[in-house]
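# Descriptive structure summary
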Amino acid sequence: MVKISIVIVNYRVKYFLEQALRSVRAALTAHPMEAEIFVVDNHSQDDSLDYLAPRFPEVRFIANTENVGFARANNQAMELATGQYVLLLNPDTVVAEDTLHEVCQFMDSHPDAGGVGVKMLDGNGRFLPESKRGFPTPWVSFCKIFGLSALFPHSRLFGRYHLKYLSPDECHQIDILSGAFMFMRRATLDKSGLLDESFFMYGEDIDLSYRLVLAGYHNYYLPTPIIHYKGESTKKGSLRYVRIFYEAMLIFFEKHYPHYSKGYYLAVKFSIFFRALLAAAHRIVLRPFRRRQGEGDKRERGEWYILSRESDRVAGLIPGTPRATTIESMQQLPAPRKGSPLRYIVLDSGLLTYRQIIDIVQQGCHDRNRFLIYNPQAQVIVSPKEIYTRP
C-alpha cells in the first residue's frame, strides 16, 4: 500500500524544484516507505520537464497546456493519488531526511489529526509566521485588518492570526495548515473535499484547513523544521499580493460566514479595501527611501565562505565574486557582528545532509548571514534571491 502521495506544482522554478525533489528523495532513502510523487507543471514554457524528467524517473510528471492555477493543479494530482497520506509541497522547499518519517509517525499515532504542518524557515533561517495561524473569523480578520494583531502579537485576544503566543518549538493544535507543506490524511480529504478552485491564491489552504476541522478532525503544528524560500522570494508588499491576499480573505468570509448581515459584510469588505489601500500606499511611499538606502543584498559585496570539497568549482559559478574562503565547518567562522559586512555562506548538499543544512541555517540565523545551497550533481547554486548556474 502506498503510504504517502507527494504533490508539487511547478511554475518556472525548475532549480528550486530540483532541490526540493532531491531532498524528498533523500528523505525516502533515509526512511524507506512506499511513496508516489507527482509534479504538475502549470505550462512553465521554460524546459522544466525536459530538464527534470531524466533526473527523476521515479516522479510522475503532469504537463498542463495552460496555467490552471494552484488549486486546480494540486487537485489534478490528488485525484490520482492512492496514498494513505497526501502531502502538498511547494517547489521552493527543502525537507530533511527525517521530516516525512516524523510527520507520518505523528499521524499514525494521532487518529484525530486531519492534517499536520511544520516549522518553516526562510532561506536565512528566520521563522515564518504562516507556519501556524488561526482562522480568519470576523474578529480575527478585524484585528488583522486594523493592525491590532501587529500591535499585540502575543495576545490571545488580538494575536490569533499568527498565534505568536504559541511557542514555535513545541507541538500545538492549530487552525490553518500552510499550503507550502500540507500533510493530510486521505480519509479526511474524502470527507472534506479537495481544494476549492475559486481561490486564485493564498486562500485555498485556509479554506481546506477549515473544512478538515468541519469534518471532525484537528490540525496540528510540529516543530520539525524545513526551509521555505517564500519568505524572501514572495514580494508581499507588491500591489498584486495585497489585492490577491485580501480578495482571498473576502472569499473565505463570504463562503463560511453567510449568516452575517449584509451591513456587516459590507463593513468587512470596506475594511479589507481600506487595508489594501493602506498597504499599497505604504509601499509607494517607502519605495524611494528603500532605493536610497540600497535595498537588496546585491549592492553589498560582502564576504564569501564556501563549505564544500569543490570550492573552486563553486566559486566559478558566481560571477564577479571576490576571493572566497573555504571552510570545513561553521565553527571556523567568527561570530557575526551587527553592522559588519554581509556574509554569503555556500553549503554543499553533496557534503552535508539536508538535515545538517537546515540545522546550520536555523542556528546561523543572523541579519548579516546569507545562506546558499550548492547542488553538485547539477552544478547549480540556489539562493533566495538568485540562481547561479553555468551559462
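An account of the accompanying structure is given in this report.

Rules used in this analysis
- Residues numbered from 1 in each chain as written.
- Predicted model: local features only at pLDDT ≥ 70, side-chain atom pairs only at ≥ 80, totals over all residues.
- Heavy atoms only, no water.
- Helix = DSSP H or I, 4+ residues; strand = E, 2+ residues; numbered from the N terminus.
- Buried < 20%, exposed > 50% of the residue type's maximum accessible area, 1.4 Å probe, protein only.
- Contact = heavy atoms within 4.5 Å.
- Areas by Shrake-Rupley, 256 points an atom, 1.4 Å probe, with all protein chains shown as cover.
- Pairing = 2+ DSSP bridges.
- Axes fitted to C-alpha atoms, helices over the stretch in contact; angles between N-to-C directions.
- Phe/Tyr/Trp six-rings, centres within 6.5 Å; stacked < 30°, edge-to-face > 60°.
- Core = buried A, V, L, I, M, F, W, Y, C linked by side-chain atoms within 4.5 Å.
- Right-handed = clockwise from strand over helix to strand, strands pointing away.

### Section: the overall build of the protein
- Helix and strand counts for the protein stand at 13 helices and 15 strands.
- Burial status across the protein gives 54% buried among its 391 residues.
- Summarising the internal contacts of the protein: among those between residues at least 6 apart in sequence, 75% fall at separations of at least 24.
- When the accessible surface of the protein is summed, it comes to about 17900 Å², and 54% of that surface belongs to carbon and sulfur atoms.

### With respect to the pairing of strand β6 (residues 113–121)
- Counting buried positions along β6 gives nine out of nine residues, so the element sits mostly inside the fold.
- Two elements, β6 and strand β9 (residues 218–228), share eight bridges in a ladder whose sense is parallel. Its bridge partner lying in β9, L121 is registered against I227.

### Describing helix α8 (residues 204–214)
- Burial analysis of α8 places nine of its eleven residues in the buried class, which makes it a mostly covered element.
- The positive-phi residue at the C-terminal boundary of α8 is G216, with phi of around 100°.

### As for the sheet that holds strand β12 (residues 343–348)
- If you walk across this open sheet you meet the six strands as β11-β10-β12-β13-β14-β15, and the pairing is mixed. Of all strands in the sheet, those bounded by a partner on one side alone are β11 (325–326) and β15 (387–389).
- With five bridges connecting them, strand β10 (residues 303–307) and β12 associate as parallel partners. Paired with W304 across the two strands is Y344, which belongs to β12.
- Sitting on the sheet, helix α1 (residues 14–30) touches β13 (369–375), β14 (380–382) and β15, and the angle it makes with β14 is about 90°.
- Sheet contacts for helix α13 (residues 354–363): β12 and β13; angle to β12, the most-contacted strand, approximately 165°.

### Looking at the packing of aromatic side chains
- According to the stated counting rule, one finds nine aromatic pairs in the structure shown.
- Measuring from ring centre to ring centre gives 5.3 Å for Y85 and F183, while their planes differ by 40°; the resulting arrangement is tilted. Taken together, the positions of Y85 in strand β4 (residues 85–89) and F183 in strand β8 (residues 181–185) put the pair 98 residues apart, joining distant regions of the chain. Neither residue differs from the other here; Y85 and F183 are each classed as buried.
- Judged by centre distance (6.0 Å) and plane angle (40°), the rings of W139 and F158 are tilted. One end of the pair, W139, is in helix α5 (residues 138–145); the other, F158, is in the loop between α6 (148–151) and β7 (172–174), and 19 residues separate them in sequence.
- Aromatic rings pair up to connect W139, F152 and F158 into one cluster.

### A short note on the environment of K191
- Within the secondary structure layout, K191 lies in helix α7 (residues 186–192).
- Taking the C-alpha atoms as reference points, K191 and R211, separated by 20 residues in sequence, lie 8.8 Å from one another.
- Apart from the residues within four sequence positions on either side, K191 is in contact with A215 and Y217.

### Quick word on unusual backbone geometry
- The phi dihedral of D47 is positive, around 65°, even though this residue is not glycine.
- With respect to the helices and strands, the residue D47 is situated in the loop between β2 (35–41) and α2 (48–52).
- D47 gets classed as partly exposed once you look at its relative accessible area, which sits at 42%.
- Phi is positive for Q379, which is not a glycine, with a value near 55°.
- Inspection of the secondary structure puts Q379 in the loop between β13 and β14.

### Here we look at the side chain of R186
- Mapped onto the elements of the fold, R186 is located in helix α7.
- Classification of R186 as buried rests on a relative accessible area of 17%.
- Residues within four places of R186 in sequence aside, it is in contact with M78, A81, G83, Q84, Y85, V86 and L194.

### Comments concerning the nonpolar core
- Judged by nonpolar contacts, the single largest core of 59 residues is most densely connected at I6, F181, F183 and L347.
- Tallying contributions element by element places α1 first for this core, with seven residues.
- Discounting chain neighbours no more than four positions away, the residues touching I6 are V24, E36, I37, F38, L87, L89 and L100.
- Listed in part, the 25 residues of the second largest apolar core include A71, V86, L163 and L208.

### Thoughts on the pairing of β2
- Counted residue by residue, β2 has six buried out of seven residues, so it is predominantly covered.
- Judged from the seven bridges that link them, strand β1 (residues 4–10) and β2 form a sheet pairing that is parallel. Bridging from a neighbouring strand, N10 pairs with D41 of β2.
- What joins β1 to β2 is α1, and the crossover it makes is right-handed.
- Across five bridges, the pairing between β2 and strand β3 (residues 59–63) is parallel. Its bridge partner lying in β3, V39 is registered against F61.

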